[in-house]
Amino acid sequence: MVEINPPNRIKLTADFKTIFLAGSIEQDKADDWQKRAIDMINENEEERTVIFNPRRKDYDAKQEQSMDNPYFWKQVNWELDYIDLVDFVIMYFDPKTKSPITLMELGYMAKTDNQRLVVVCPQGFWRKGNVDIICWRNNIPRASTLTDAVNYALHKLYGNKGS
């Protein structure tokens, strides 16, 4: 398994299956659920997987969130480019966050990429009802736990993994 964080880029090949970890970060208010997902994929010994993880150790939250800011531009376009290119997206809403970007990404994917996506939205997320209805209306698979979402993604990608 290979993990890629922004701003690093790689050319995707058919030799690897790819997963994007979309979801709550919110300047580290969220649990590092991405690390847990990566650990689960590693436990499955799936070496043919490339994980795109937007959480970065060197993220500078003081950067102006403007299209004219090259730092911000690179980050956002990295995320959208790989959301568009990967084989599968796991989306997680942490109940300790508001996750406006994740909500926007759900809307971005809902109509066209709904079968490349699994959503985890635990009880306590402030807009769980909205997320559940968007998923229901667009036939987006939902998982009760991150473990279930990882297993679902691996099953969709490899058939013999997950449940």
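Please read these numbers as outputs of a predicted model, since none were measured by experiment.

A short note on the overall build of the chain
Right, so step 1: When its secondary structure is counted, the chain shows five helices and six strands.
Right, so step 2: The linear arrangement of helices and strands in the chain, starting from the amino end, is β-β-α-β-α-β-α-β-α-β-α.
Right, so step 3: Its C-alpha atoms give the chain a radius of gyration of 15 Å, near enough to 15 Å, the size a compact globule of 163 residues would have.
Right, so step 4: Overall, the chain is about 45 × 35 × 30 Å in size when its C-alpha atoms are taken along their principal axes.
Right, so step 5: For the chain, the residues scored as buried account for 46% of the 163 residues in total.

Re the pattern of salt bridges
Right, so step 1: Enumeration according to the criterion identifies 10 salt bridges in this entry.
Right, so step 2: Among the ionic pairs, R9 bridges to D81, the shortest N-O distance being 2.8 Å. Pair noted here: R9 is in the loop between strand 1 (2-4) and strand 2 (17-23) and D81 is in helix 2 (residues 70-85), with a separation of 72 residues, a long-range link.
Right, so step 3: The salt bridge involving D132 is made with K128; its shortest N-O contact spans 3.1 Å. Pair noted here: D132 and K128 are both in helix 4 (residues 128-137), with a separation of four residues, about one helical turn.
Right, so step 4: Among the residues examined, K128 registers a relative accessible area of 17% and is labelled buried.

Details of helix 5 (residues 146-158)
Right, so step 1: Between the first and last C-alpha of helix 5 there are 18 Å, a value that for 13 residues agrees with the 18 Å anticipated at 1.5 Å per step.
Right, so step 2: Of the surrounding elements, those touching the buried residues of helix 5 are strand 2, helix 1 (33-43), strand 3 (49-52), strand 4 (88-92), strand 5 (117-120) and strand 6 (142-143).
Right, so step 3: Positive phi shows up at G159, right after helix 5, with a value of about 75°.

Comments concerning the layout of surface pockets
Right, so step 1: The volume enclosed by the largest pocket comes to roughly 900 Å³.
Right, so step 2: In terms of lining residues, the largest pocket is bounded by 33 residues, among which I25, E26, P54, Q75 and E79 are the most central.
Right, so step 3: Taken together, the elements giving at least two residues each to the lining of the largest pocket come down to strand 2, helix 1, helix 2 and helix 3 (100-110).
Right, so step 4: Broken down by element, the residue count for the lining of the largest pocket peaks at six residues, all from helix 3.
Right, so step 5: Considering only residue class, the lining of the largest pocket consists of 13 nonpolar, 10 polar and 10 charged.

Considerations on the pairing of strand 5
Right, so step 1: In strand 5, alternate side chains face the same way, and those of L117 and V119 on one face and V118 and V120 on the other are all buried.
Right, so step 2: Bridge count for strand 4 against strand 5 is four bridges, and the pairing is parallel. Along strand 5, the bridge assignment pairs M91 with V119.
Right, so step 3: Where the polypeptide runs from strand 4 across helix 3 and back to strand 5, its parallel neighbour, the crossover connection is right-handed.
Right, so step 4: Where strand 5 meets strand 6, two bridges bridge the pair, whose relative direction is parallel.

Let's talk about the packing of aromatic side chains
Right, so step 1: Under the defined criterion, the tally for this structure stands at eight aromatic pairs.
Right, so step 2: When the centroid spacing of 4.1 Å and the interplanar angle of 15° are considered together, the rings of F52 and Y82 count as stacked. Pair noted here: F52 is in strand 3 and Y82 is in helix 2, with a separation of 30 residues, a long-range link.
Right, so step 3: Using a relative accessible area of 2% as the deciding quantity, one classes Y82 as buried.
Right, so step 4: Judged by centre distance (6.0 Å) and plane angle (55°), the rings of F88 and Y152 are tilted. Of this pair, F88 sits in strand 4 while Y152 is found in helix 5, placing the two residues 64 residues apart along the sequence.
Right, so step 5: Connected via pairs of aromatic rings, a cluster forms that spans F20, F52, W78 and Y82.

Rules and cut-offs
- Residues numbered from 1 in each chain as written.
- Predicted model: local features only at pLDDT ≥ 70, side-chain atom pairs only at ≥ 80, totals over all residues.
- Heavy atoms only, no water.
- Helix = DSSP H or I, 4+ residues; strand = E, 2+ residues; numbered from the N terminus.
- Rg over C-alpha atoms; globule rule 2.2 N^0.38 Å.
- Buried < 20%, exposed > 50% of the residue type's maximum accessible area, 1.4 Å probe, protein only.
- Salt bridge = Lys/Arg side-chain N within 4 Å of Asp/Glu carboxyl O.
- Expected span 1.5 Å × (residues − 1).
- Contact = heavy atoms within 4.5 Å.
- 1 Å grid on protein atoms, 1.4 Å probe; cavity = no way out; pocket = protein on both sides within 12 Å on 5 of 7 lines; lining within 4 Å.
- Points joined across faces, edges and corners; volume = space filled by probe spheres on them.
- Nonpolar A, V, L, I, M, F, W, Y, C, P; charged D, E, K, R; others polar.
- Pairing = 2+ DSSP bridges.
- Right-handed = clockwise from strand over helix to strand, strands pointing away.
- Phe/Tyr/Trp six-rings, centres within 6.5 Å; stacked < 30°, edge-to-face > 60°.

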